[in-house]
Amino acid sequence: MEQQDEQKEKLQQEGDSGEAGSTPAENLQAAAEAVEEKLEEGKEELKNQAENLATEAQGQVEQLAEEAQDKVNEIAPEAEKQAEAAESKLEEAVQEAQAHAEEAAEKVQDKATELAKEAEAKAEEAAQEAGAKAEEVVAKAETVAAAAGAAVAEKASELKEKAETETDKKIKEIKAKKQVKDNAKAENAGKNNSALFVGVAVVLILLVLASFFALLPRNTKVNLDKYVTVSFDGYDGYGKALVKFDKDAYLKDYKKKIKLKKSGNFLQDSLTKNYGAAELLYDFYIDGNWKIEGDSSDGKLKNGETVKLSWGFNQEELEEQFKVKFTSKGTEFKVEGLKDVQLFDAFKDFDYKFTGISPEGAVEWKGTGDMDGSKGYYFTVEPSMDLKNGDKVKVKIEPANPESLIQKYGIAPKETEKEITVEGLPSYVEKADAISDSLLQDMQKEITDKIQSQLASQGEEVSFVGAEYLGYYFLTSKSANAFEHNIMFPVMKVNVQINIPDKSYNAQHSYYFTGAFTNLMDEGSGKVTVDLNDMDIPYHYATIDTGVVSWFSTVKFNFSGFEDLNSLRNQCVSQKLDKYTVEETVKDPAAQSTESGAENKEESSSANEEKESSSAAESSAANPS
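Everything in this summary refers to the structure shown in the same document. Owing to the predicted nature of the structure, the values given are computational and were not obtained by experimental measurement.

A few words now on the packing of aromatic side chains. Applying the stated rule across the entire model yields 21 aromatic pairs. A centroid spacing of 5.7 Å and a plane angle of 45° characterise the contact between tyrosine 250 and tyrosine 254, whose relative ring orientation is tilted. Of the two residues, tyrosine 250 and tyrosine 254 both sit in helix 4 (residues 247–254), 4 residues apart, roughly one turn of that helix. Tyrosine 254 shares its class with tyrosine 250; the two are buried. With centroids separated by 5.7 Å and ring planes inclined at 90°, the aromatic side chains of tyrosine 539 and tyrosine 541 adopt a geometry described as edge-to-face. On the basis of relative accessible area, tyrosine 539 is assigned to the exposed category, the value being 68%. A relative accessible area of 44% places tyrosine 541 in the partly exposed class. Taken together, the aromatic side chains of Tyr227, Phe245, Tyr250, Tyr254, Tyr282, Trp290, Trp311, Phe313 and Phe326 make up a single cluster linked through ring pairs.

Further remarks concern the pairing of strand 5 (residues 306–311). Where strand 4 (residues 290–293) meets strand 5, 4 bridges bridge the pair, whose relative direction is antiparallel. Its bridge partner being in strand 5, tryptophan 290 is matched across the sheet by tryptophan 311.

Here we take up the sheet that holds strand 11 (residues 378–382). With respect to topology, 3 strands assemble into an open sheet ordered 11-13-15, the strand pairing being antiparallel. Two strands bound the open sheet, and with one partner strand each, they are strand 11 and strand 15 (417–421). The average undirected angle you get between the axes of adjacent strands in this sheet is 25°. For strand 11 and strand 13 (residues 392–398), the ladder comprises 5 bridges, and the chain directions are antiparallel. Of the residues in strand 13, the one forming a bridge with phenylalanine 379 is isoleucine 397.

As a further point, take unusual backbone geometry. Backbone geometry follows two general trends: most residues other than glycine have a negative phi, and most peptide bonds adopt the trans configuration. Cis geometry is found at the peptide bond from serine 358 to proline 359, where omega equals 10°. In this model, glutamate 382 is joined to proline 383 through a cis peptide bond whose omega is -10°. Position of proline 383 relative to the elements: it lies in the loop between strand 11 and strand 12 (385–387). Of note, aspartate 386 is a non-glycine position whose phi angle comes to about 55°, a positive value. Here aspartate 386 lies in strand 12. The exposure class assigned to aspartate 386 is exposed, which follows from its relative accessible area of 60%. Even without being glycine, asparagine 519 reaches a positive phi, approximately 55°. Among the secondary structure elements, asparagine 519 is positioned in the loop between strand 20 (516–518) and strand 21 (521–522).

Reading the values: rules and limits
Residues numbered from 1 in each chain as written. Predicted model: local features only at pLDDT ≥ 70, side-chain atom pairs only at ≥ 80, totals over all residues. Heavy atoms only, no water. Phe/Tyr/Trp six-rings, centres within 6.5 Å; stacked < 30°, edge-to-face > 60°. Helix = DSSP H or I, 4+ residues; strand = E, 2+ residues; numbered from the N terminus. Buried < 20%, exposed > 50% of the residue type's maximum accessible area, 1.4 Å probe, protein only. Pairing = 2+ DSSP bridges. Axes fitted to C-alpha atoms, helices over the stretch in contact; angles between N-to-C directions.

Read these as spatial facts, not as claims about activity.
Written out as structure tokens, the structure reads:
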């Protein structure tokens, strides 16, 4: 304003220094023409300077181009010579590399031929040694087999000869006795004596045959049950059977009695000869080949139950192979000695807390005491994310089948599952009526402070008169994943005083202002909070035109805000309606005043009509026709 006044006074002085008698309008016209003439001169001078600079720049460019071409012509021959020399060296290097490669290939071929011959010679030598070794093994096997066959034949012949000798001897004795009896007795008793002789002979023959078969090998009876003991370990309801087989006693009884049937396989027969048939039978076929049968034989034995041990091997096959006869029938045992299980409250060791903001909360937890994981127990929680107040969360104890842990530690949880309710999470405010009056007043104060701060930068011509609260716009997001879940716009009508002393102007004006407070939180128990320092100011300016003429225009002032409520609502509310729902209480004071005036006018008109009607009735009554 001061600069404008100084320029105006300068122009007036220039006008006053003109011809005497000239009017102010003529002086002003003359000054304008002088200014225009000066501008034309300045434009012409700038144009000439630009043309001179362009010409000079063009000359410099052409000179640099000529110098660059000369430099290229100067170094081109030398570059061609260097390229030819490099190409020649490259060809020489390629030829030399090929020569080296051919020489190396010949050496590799010679070495490969030499190694192949050595390998062939060693292979033939190894084959010869293997053949000789095989022949030696076969010869040895045949010798052993022949010796074994001879021994068996000799044993059979000896048994047969012995049996025949005993039989002949008995027959001779019988004949001698018969002759004596025949001479001593009468002829009429001959038939009876003959019958007796035949009976005695039969008996003697049977005795000889029994003796012969007694010398032949027989199947050994084996009762495995007497070598087994069963004990019980663990806890009542989770017990398990421990089977112990007395191998030493078994071998003591059967080491020399059990014989393995000859298989005809030299290697197998040699192995079993050195190993021992009884030990082989136990180690490979009996050991661990038993099972405990009962109602709870799956690791959940209880005191008082009866279980039976049974054998799981192929009885007929083993009896054939080892020349034995199993008499084992299995044995029953009564479960006893299992300790009591200690039950504990696992959930007293469940520490948890809900974190985050509803409906995007989460649960954090850990186990303590017996549930710290050292005894194998731990917690699982489902769901553990995207939680809101009121949701139900299921807590489980794992593993679901803790038999092995109970057998090891003797403790079991009383309950394995529990449900807890999500609570205490702060949540985003969804309705404006949750906002307390005191918080709303704090937001209004924050906005008012911002207004005064902005007006202070306008200078002394503008002063703050007051700010009137008109209501609010409260927006709630339609999406749970929005960055701003809710927005509060308290709306203020701002009154300012504009004073321009040198223009004798002093008047009040008003505009509209708001600030955005986002993500208001319900902390629980009706407590709503918001970060008052995180207020966003909509980018918009309200222009107030004072109408005071200054130079070729009027004096105007720009304020952060809006000239009317429609503009404010359009930017802050209408443009967001696709993503937000809105609650609004803003009322335009000017509209209310107009409505109030219209109502008063209607009431006055109605009263006048009633008054006129009443007067007409009275006149009619006073002057009846």
